[in-house]
Amino acid sequence: MIELLAPAGDIKKLKIALHYGADAIYFGGQNFGLRANAKNFSNEEIKEAVNLAHSLNKKVYVTVNIIFHDENFKDLENYLRYLDNINVDAIMVSDVAVLDICNKLNLKLKRFISTQASILNKEAALFYKELGASRIVLAREAMKEDVISIKKASHLSLETFVHGAMCTSFSGRCILSNYCTNRDSNRGGCAQVCRWNFSFFDLDNNLISDNFWMSPKDLNMSTSIIDMIDSGIDSFKIEGRMRSIYYIATILHVYRNIFDKISTNTLNKSYTNYYLNVLKRCANRETAPQFFNKFPDENDQYYLENRDEVSNQDFLGIVLENKKGIITIEQRNYFKLGDIVQFFGPNIEMLNYKIDQIYNEKMESIEVANHPQMIIKIKANLPVSKFDMMRCKLFDI
Amino acid sequence: MKNNKILIYLNNLEDIAKYKEIGITNFLFALEDFSIGYQTFKLNELANLDINVYLNINIIMDTKKIAKFKKLINKLTFVKGIFFEDVGLYNILKKTKIPLIWNQAHFVINSKSINFWLERVESASLANELTIDEIKYILNNANKSLIMSVYGLNIAMYSRRYLLSYFNKYNNLKIIKNGFLNVNNQDNSFYIIENKNGTALFYNKAFNYIPYLNEIDDQKIKFYLINHPHINFEIVNDLINHKEVISEEKFLKTKTIYKLEG
């Protein structure tokens, strides 16, 4: 079964991700996961997440993917036992010590090998399979022939990133942050130094450029999904535990629709173009397909002087309730009477609507919604429901 | 630090005679097509040298690359050991008699993983991002002797992308394959070098742990590794004779931050 795998930075984002069609969610606990400085999940919240996901027949994966220093092993065994006891479906691991501990404790937790391990060949996959891994999260650099070869030899479940930020480096092979910020990249402290600006000198110390950039565009594999399924990918992963609910909802909405249309053979060029436009609009960096079908080149890199970085104000509000023809919305960005907006949600591909009246919480008529998170109401007979999103009108299909 | 326990990551075959004169006979080589960041050599250049040859295969291998390496295995009988980054390499070499050294970039930093690997391989090469206390702890708890880098430049990043070529092509500049990147508004600089396997960045200030070796139990050390991509005999000689060499102690005395407070 094909899986759409979404990130969750906290319990609220997890609920949004499940609502928008994720088949499985990944996140970190308070320790042992990369994104050390995100909010992450307490033990109680992990349990709540597991119960919620399982009630919807969905899965939960917890990242235990730092590369450990000896001092970090404290409490790891108890944590792994806890995750096992509360029926977390799998942990994502990069350090063999964690695999070894799981094996010695005889835990039923499935072990997925994190992309931090940077697996590109079948021999590496077979090594981890022998250690009890049931899934490989492929290196972001995997080409199609690598995917096919690994699948054929290992028969392991294969997971790959399809959307979001890309590392410049092979994952796990970068300590630029350690040098430039004293934060440990491989324990969740990545400061994205590869996105910084550098001066480039030749070996004789002649300045070549004082505006050197090295980071790639973000990943967007939305036009290659069929090919990826055919090559043996089982789980399609979206990056972004630090992203907003609007970003998560938009990206998931698009990919959920792509997968559903592939399964019903209804994905046509109009939809593909529409989805591509929405995805491009949602990110604040340029996106591009990378690796898999084509080795990247200079056009897949990100150069600051030419970037079209959008400060995204598209997210106008989230639907809280739709009752008796009154839609209650929590505002996120300015909108006013006369604006044409778009609703989208799990049951709405896209619905254009002209704002012809706005009411405040006391049902007093107002002309603009201009306070962040203010509660507004609209009288309209629209098929929207809780957690549906309202955005600026972007594109038509 | 006895000279017979020094391992030099060599970039120049002509220096071998000088090293042998002072009792250094262990050398690490980057193998053509299978390494990044260092001067590479072909197998036939290394096969008949009267020295102990170790190979460093420090790339992550894709399907084609590992298939290509498999074809070399029967030509490796003269090699005293192989440092490997890609665990796939371990998988195809584990049944050979070639001694293997776990050298998986920044992963070799805790005693549990090291001992896991020491059940399977000859030794492990400690990563550089460790404090002196961590190094001592690991050495005391490791089940075999280990390799410790004592002088050189540390690889700070390894990308599959051709970062210099991309930038130069995009800007219509002459393609050059190495140079220096200075972080704007910081005192940090990186040596950058590109080859067919991608791009490597080295932190451009040498580390030198030799002054601290009196704190280290020599019995726990298999080799003291000198791994500067631009090493030469004169520098090594100065190091051995404890002459002052420009260097810094980046991680040896300062822990990196795991989680920010507050």
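Caption draft 1: Representation of the overall build of chain B. Scanning chain B from terminus to terminus reveals eight helices and 14 strands. Scaling as 2.2 N^0.38, a compact globule of 262 residues should have a C-alpha radius of gyration of about 18 Å, and chain B matches this with 18 Å. Over its C-alpha atoms, taken along the principal directions, chain B stretches across nearly 55 × 50 × 40 Å. For chain B, long-range pairs separated by at least 24 residues make up 61% of all intrachain contacts whose partners lie at least 6 apart in sequence.

Caption draft 2: View of unusual backbone geometry. Residues and elements named next belong to chain A. Positive phi, close to 55 degrees, is recorded for Gln192, a residue that is not glycine. Positionally, Gln192 belongs in the loop between helix H7 (176–181) and strand E8 (198–201). Residue classification places Gln192 among the partly exposed residues on the basis of 14 C-beta atoms within 10 Å. Notably, Lys324 is not glycine yet its phi reads approximately 50 degrees, a positive angle. Overall, the presence of 6 C-beta atoms within 10 Å leaves Lys324 in the exposed class.

Caption draft 3: How the structure looks around the packing of helix H9 (residues 245–263) of chain A against helix H10 (residues 269–282) of chain A. All names here are of chain A. Here H9 crosses H10 at 160 degrees, and the two axes come no closer than 10 Å. Classified by the angle between their axes, H9 and H10 sit roughly antiparallel to one another. For the pair H9 and H10, the crossing hand works out as left-handed. For the pair H9 and H10, contact is made by Tyr247, Thr250, Ile251, Val254, Asn257, Ile258 and Lys261 and by Tyr271, Tyr275, Val278, Leu279 and Cys282, respectively.

Caption draft 4: Spotlight on the domain arrangement of chain B. Residues and elements named next belong to chain B. Each domain of chain B was delimited in the assignment, giving domain 1 (3–153 + 207–240) and domain 2 (155–204). Each of domain 1 and domain 2 has a C-alpha centre, and these two points are 24 Å apart. At the junction of the two partners, domain 1 supplies five residues and domain 2 supplies eleven residues. Here the side of domain 1 that touches domain 2 is composed, by residue class, of four nonpolar, one polar and no charged.

Caption draft 5: Representation of the interface of chain A and chain B. Listed by partner, the interface residues are 60 residues for chain A and 55 residues for chain B. At the level of secondary structure, the elements contributing two or more residues to the side of chain A that touches chain B comprise helix H4 (96–105), helix H5 (122–130), helix H6 (144–154), H7, E8 and strand E9 (207–212) of chain A. Each residue belonging to the side of chain A that touches chain B can be placed in one class, and the counts come to 29 nonpolar, 17 polar and 14 charged. As judged from the four bridges shared by E8 of chain A and strand E10 (residues 178–183) of chain B, these two strands associate in the antiparallel manner. Bridge pairing links Phe198 of chain A to Val183 of chain B in E10 of chain B.

Caption draft 6: Molecular detail of the nonpolar core. Ala17, Ile25, Ile91 and Ile136 of chain A together with Ile8 of chain B are the most contacted members of the largest nonpolar core, which totals 207 residues. When residues in this core are grouped by element, the largest group, ten residues, is from H9 of chain A.

About the thresholds
- Residues numbered from 1 in each chain as written.
- Chains lettered and ligands numbered in written order.
- Predicted model: local features only at pLDDT ≥ 70, side-chain atom pairs only at ≥ 80, totals over all residues.
- Helix = DSSP H or I, 4+ residues; strand = E, 2+ residues; numbered from the N terminus.
- Rg over C-alpha atoms; globule rule 2.2 N^0.38 Å.
- Contact = placed C-beta atoms within 7 Å.
- Buried ≥ 20, exposed ≤ 12 C-beta atoms within 10 Å, placed from the backbone.
- Axes fitted to C-alpha atoms, helices over the stretch in contact; angles between N-to-C directions.
- Parallel < 35°, antiparallel > 145°, perpendicular 65-115°, else oblique.
- Left-handed = near helix turned anticlockwise from the far one by under 90°.
- Domains from an automatic or database assignment.
- Nonpolar A, V, L, I, M, F, W, Y, C, P; charged D, E, K, R; others polar.
- Pairing = 2+ DSSP bridges.
- Core = buried A, V, L, I, M, F, W, Y, C linked by C-beta atoms within 7 Å.

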